[in-house]
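# Structural overview
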Amino acid sequence: MSYLDINISITAASYSGNKGAAAMLKSSISQLHKLYGDRLSIDLMSVYPDSDRQQIPYDFVNIVPTKPEQLLFIAFPLALLYRGLGFIPGVRPLLKRNKILKAYSETGLVIDEAGISFVDSRGFIMNTYAFVTMAVPMLMGAPVVKYSQAMGSFNSFFNRQYAKMILPRLKLICARGDITMENLKSIGADKNAVLCADGAFTMEDTGLGEQRVDLKTENDDFYKGETVGVSLSSVVDKKCRKLGINYKRIMTGVINYLNRHGYNVLIIANAARLNSNKPRNNDLMVCDSVFSYVKDKEKVRWYHEEMDPEEIREYIGRCRFLIASRFHAMIGALQRKVPVLLIGWSHKYKEVLDMFGLGSYAFDYSEMGSKSDREAVISIVREFKRMERDEASIRRLIDENYDSVMESSRRNIKEISKVIDSTDCEGARKSFPDFKNPEKYMGDFLKLRRGYATDPEIRKNAASGGVVTALLVSLLKQGEIDGAFVTRTVIKDGELSYESLIATDEETIKSCSSSIYMYMPLLKELDKIRKFNGRVAVVLTPCLMRSLNALLKNDRELSEKIVLKLGLFCSGNHEKEATLMSLRKAGVSLEGAEKLYYRRGNWRGRSSVIYKDGTEKDFSYTKTLCAYKNAYFFEKKSCMLCQDHFAEGADISFGDIWLKKMKKEGVKTTGLIIRTEAGRRLYELAVKAGDITDRHMSVNDCLKGQKRALCFKYCLAKAKEDFYLKNGKNIKLDTSEKCRLKHRLAFMLAEKNRAFSEEHPELLEKIPMEAIYLYMCFIRVLLS
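This report concerns the structure included in the present document.

Analysis parameters
- Residues numbered from 1 in each chain as written.
- Predicted model: local features only at pLDDT ≥ 70, side-chain atom pairs only at ≥ 80, totals over all residues.
- Heavy atoms only, no water.
- Phe/Tyr/Trp six-rings, centres within 6.5 Å; stacked < 30°, edge-to-face > 60°.
- Helix = DSSP H or I, 4+ residues; strand = E, 2+ residues; numbered from the N terminus.
- Buried < 20%, exposed > 50% of the residue type's maximum accessible area, 1.4 Å probe, protein only.
- Lys NZ or Arg CZ within 6 Å of the ring centre and 35° of its normal.
- Polar contact = N/O pair within 3.5 Å; in protein donor to acceptor, adjacent residues only side chain to side chain.
- Pairing = 2+ DSSP bridges.
- Axes fitted to C-alpha atoms, helices over the stretch in contact; angles between N-to-C directions.
- Contact = heavy atoms within 4.5 Å.

This brings us to the packing of aromatic side chains. On inspection of all chains with the given rule, the structure shows 25 aromatic pairs. Plain terms: the ring middles of phenylalanine 124 and phenylalanine 158 are 5.0 Å apart, the flat faces sit at 70° to each other, and that makes the pair edge-to-face. With phenylalanine 124 in helix H6 (residues 123–139) and phenylalanine 158 in helix H7 (residues 157–166), this residue pair connects regions lying 34 residues apart in the sequence. Classification of phenylalanine 158 as partly exposed rests on a relative accessible area of 47%. Ring-pair connections join several aromatic residues into one group, and the members of that group are Phe124, Phe131, Phe157, Phe158 and Tyr162. The cationic tip of lysine 239 hangs over the ring face of tryptophan 345; the distance from NZ or CZ to the ring centre is 4.5 Å.

So this is what it looks like as structure tokens:
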């Protein structure tokens, strides 16, 4: 089983706006996910980032704002600098602060899903944009493939130069039809090309589109009659206006004809942006205008809304015929075996219809240029009558060619997966030398997630996202456990201690939220579980989890009672004096106190002491306890050698994800490593109950979010072995990571700090906290 992330970027497509692009996205992403499962992480380079974030149906897809002006005028010049001046130290990290460049620098493969590109008739600006769309990731060193699309002809000077410069350098080109393939041959760009039908043909039908359409149509007698769908296009309207053709008036005339001859007409917008009055990727205004002019509105249905591509396809499937000016409305019709007449503007329509032997039903808009509006309507009606007359043979041709076209469509992802499988698509390589074996750091697992407690009251006192507390509470409510073996701080007579107990109610579990950063020999408390009558979940650090698992092998009674083992990411445990010294340096007294929260609130959080009179006193966790802890003062000696950071013996492991991008999120999340089927089942119950809100987490994010702790455990391992060997002890650690000079210095300082705090705590306390904090930061730099 491979644990490696598959990191993909998809460009030139979006969920909002053009629903043909959305259909291609849904098709490609769902097929990729079936192949690679939870390993798949996708950056969608979106021109409509805000809308796409609202519409995105997958939690493993990250939206990267990539508006045309950002790409052309910022990212492209920066990518040229990245390629040309990257040899200068510090230049590339600086340039990668641009989000587009950063995404492309970390991706394994870029899939260009433009429906059409490098076509003479699109003009200089659009072809320049198509060139830059692929040039930027290639300048960043990312391989690029083209998902099924139409290209050519290449007769204009700039278009031909752009195409010859970029297309032969792509890893793969999926040509959408024979005409495109011939165009590629004309410039010698067919060596890396394969013929694949449009990717949207194989968009998965989830049933949601059918449900939505049923709700709208079940009580509408309109749909009991013969219906013709009419897909209008702002693109064709614009091209017609340039030739003096009144597209909207002509299409109104066609609809009026259909109504007079017994057909109901459904007007379809296959591109829609509800909150925009711009026509690009937006047919709403054209459809509004045509609907306002039709004579018999009772025989016409028009829904001014942005539909999902599945919903559009479902409406088309309920029509007897379709007259389409949008390419992917045509694809939807053919996929649903509905005869279709095209009024379009390039070879892209005909080459797909040719796959079904129906190329003669493509009607170019320019043919209306020499005609009056009335004559243009008559021409379209003539073609419609021909389609009506040939309906039986058209349906026969669709049936005969259907399976081969669908297989050709599936070939897109089959060919792209070959590129993925032969290309370095694993982003963990950016941070870890042994990126091909993430299980070395993480242990075996089934899936990764990150999430937070849905209840804000739980999150308020949690060190991270409150998921451990939320999970225990949820399982208790659902009767999956009878109690939880948990721990909380207690303060008696001004003395700090801890209490372990089996919590059997929600409030007690909640009172045990937040981490505790001091040594607690909890396995001495196992008799509490033995005496408890019921099923128990336990929460332990990695070392305690290993010891517990060893005990359970020989203790059947205890093994049967513990039904869930929750482990905590752990960089090391500390003596109680680390906490007490931090309190003294912060000027916080424990007199009259009843509880200490080591860390609660957003991001790193703040430490808080709760007093019996209801008052609270907060102090900086980062500038006190964290400074001592991360400089390895008061560290337990055994923790200096432990390499089990992620609690490999747990059913589920939990911990922070210390990444800058997480800091910007409104709610802090907890990272989860789900290791067993029992753990997965119980966790999914809590998510289904709504007690936990979660989403995808990549292996890369998990590792990078704990990279300094992992560096201490693995990159310093050789220095640790050498130190103990010099002192007469032979220890064995995983020393496969390279131990650099800075790592040896980091360990030397860490070991001296540990010993100094053990032998001379009174001297340590005299050192100003500011100096300790800066010293800790220096050590962290060594571990970067």
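From this point, things continue past the structure.
Okay, helix H5 (residues 99–106) next. Residues spaced three or four apart along an α-helix face the same direction, because each turn holds 3.6 residues. Listing the buried residues of H5 in full gives Ile100, Leu101, Ala103, Tyr104 and Ser105. The residue sitting at the N-terminus of H5 and contributing the capping side-chain oxygen is asparagine 98; that oxygen lies 3.0 Å from the backbone nitrogen of isoleucine 100.

Now for the pairing of strand S5 (residues 109–112). Here S5 shows two buried faces, one formed by Leu109 and Ile111 and the other by Val110 and Asp112. Sheet analysis places strand S1 (residues 6–11) next to S5, joined by 4 bridges and oriented parallel. Residue serine 9 lies in a different strand from S5, and its bridge partner there is valine 110. Here S5 pairs with strand S7 (residues 144–151) via 3 bridges, running parallel. Of the residues in S7, the one forming a bridge with isoleucine 111 is valine 145.

Another point: the sheet that holds strand S11 (residues 264–269). Strand order in the open sheet formed by 6 strands is S13-S11-S10-S14-S15-S16, with parallel pairing between adjacent strands. The two strands at the open ends of the sheet, each matched to only one other strand, are strand S13 (300–302) and strand S16 (362–364). Taking the axes of each pair of neighbouring strands and ignoring which way they run, one obtains an average angle of 20° across the sheet. As paired strands, S11 and S13 are joined by 3 bridges and run parallel to one another. Each residue of the ladder has a partner; that of isoleucine 267, found in S13, is tryptophan 302. In the packing of helix H11 (residues 247–260) onto the sheet, contacts are made with strand S10 (227–232), S11, S13, strand S14 (321–324) and strand S15 (340–344), and the angle to S10 comes to roughly 175°.

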